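Okay, here's what each chain looks like letter by letter:
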Amino acid sequence: MRPTGDRRWTTGGTGGGTAGGTGAADTAVVAELRRLLREGPFHLALRTALAVRGLPLHRVQHRLAARGIKVGVTSLSYWQQGARRPRHPESLRAVAALEQILELPDGALLRLLTGTGRAGGAGGRPAARSYRALVSVGAAVEQLLDAMELPADGGLHSVGHHERVRIGPAGELCDRESQQIVRAHRDGVDRYLAVHHGDPGCDSARMRVTAYENCRTGRVRHHPEAGVVVAELLFDTRLRCGDTYVFGYGIEDGTGARSTEYVRGFSYAGGQYMLQVRFDEAALPVRCRRFARTGPQAPRTGLADLTPSGRHRAVHLVEQTVRRGILGIAWDWD
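Residues numbered from 1 in each chain as written. Predicted model: local features only at pLDDT ≥ 70, side-chain atom pairs only at ≥ 80, totals over all residues. Heavy atoms only, no water.

Caption draft 1: Expanded view of the layout of surface pockets. One number sums up the size of the second largest pocket: a volume of about 220 Å³. For the second largest pocket, the lining is made up of 15 residues, of which A292, R293, R323, I326 and L327 are closest to its centre. Of all elements in the fold, only β10 (287-293), β11 (301-306) and β13 (325-332) reach the threshold of two or more residues within the lining of the second largest pocket. Looking at the lining of the second largest pocket element by element, the count peaks at four residues for β10. Classifying every residue of the lining of the second largest pocket gives five nonpolar, five polar and five charged. (1 Å grid on protein atoms, 1.4 Å probe; cavity = no way out; pocket = protein on both sides within 12 Å on 5 of 7 lines; lining within 4 Å. Points joined across faces, edges and corners; volume = space filled by probe spheres on them. Helix = DSSP H or I, 4+ residues; strand = E, 2+ residues; numbered from the N terminus. Nonpolar A, V, L, I, M, F, W, Y, C, P; charged D, E, K, R; others polar.)

This is the structure:
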């Protein structure tokens, strides 16, 4: 049951009600809230509703707690900034309660989360390809994202990415280093999500993530069965839509069986990608080839032989403008 006398915002018509306790809310802000409740995005609608009601986040947290719902102030802040989206059942229950607390129409915020409204704030970017469409362990990655309450689309697309992979003396993937330039396609982005999938027999708990440049390591989660590690790389600033950012990080592995390929999945088209694979002198492949795939189960296309340099024992590929899908280098040991 809703509290009696709980007056609601309306999203259409000229007779929109005024929420009790807002005082002399600016007419333009109220009109903007109505538009955002119709069109989204969710985080801007939530942020504007909080502003109209004049409720600080700690008071919102207390009101949720009074309804038996535990949500941290940090999570509420991330929701209104667009850094994360509510995904868990308990989080969605909190959103439904927020509609009551902020005196919004039933389902106004939940509808924006389900995607039935128009997507806004994405800077005109197309929808990202899901992890399931890019990697064989996509379901495990999405499971970790759900547990971390992170959206699949982190609000970034790549402008340039240079990646170096080192193969050890037993043919194992020792480590990889990434130097990236990204551009934000929505406001409030302050992190990048790094995903690493080891080779068969790997131990994800022993993998290590290191932030090298213009970032620091946040939460790191492991999926032992799938051999996956997911890590937040936290930026030194919060980006606005259109801002670019440069950062570097590395992942130490060396826990899996002999490796036979390295691939990178791309959710968006555009941007340059360079991949270099360097082999140990004790384990040199007999053949290396670059390839592309539209998905993890799709056949390899665009095959081209690569010859390791004699001194540095390395092969590389450069793609000036990547397409959505998978790029990689494969090698044969015998």
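Don't stop here, the text continues.
Caption draft 2: How the structure looks around unusual backbone geometry. The residue E103 is not glycine, and still its phi comes out positive at about 60°. Mapped onto the secondary structure, E103 falls in the loop between α5 (89-101) and α6 (108-114). Located in the positive-phi region is N214, a residue other than glycine, with phi close to 60°. Tracing the backbone shows N214 in the loop between β4 (208-213) and β5 (215-223). The partly exposed category is assigned to N214, whose relative accessible area is 32%. (Buried < 20%, exposed > 50% of the residue type's maximum accessible area, 1.4 Å probe, protein only.)

Caption draft 3: Up close: the side chain of R293. Within the element layout of this structure, R293 appears in strand β10. Although R293 is buried, it forms no salt bridge, and the closest oppositely charged side chain is E261 at an N-O distance of 4.4 Å. Apart from the residues lying within four places of it in its own chain, the contact partners of R293 are E261, A298, P299, R300, G325 and I326. (Lys, Arg positive; Asp, Glu negative; His and termini not counted. Salt bridge = Lys/Arg side-chain N within 4 Å of Asp/Glu carboxyl O. Contact = heavy atoms within 4.5 Å.)

Caption draft 4: How the structure looks around the sheet that holds β4. The strand order β4-β7-β2-β1-β9-β12 describes an open sheet built from six strands, whose pairing is mixed. Two strands close off the open sheet at either side, each with one partner strand: β4 and β12 (314-319). Direction aside, the axes of adjacent strands within the sheet are offset by 15° on average. Across 11 bridges, the pairing between strand β1 (residues 156-167) and strand β2 (residues 173-184) is antiparallel. The partner of H157 across the bridge, within β2, is R183. (Pairing = 2+ DSSP bridges. Axes fitted to C-alpha atoms, helices over the stretch in contact; angles between N-to-C directions.)

Scope: geometric values only; no functional claims are made or implied.
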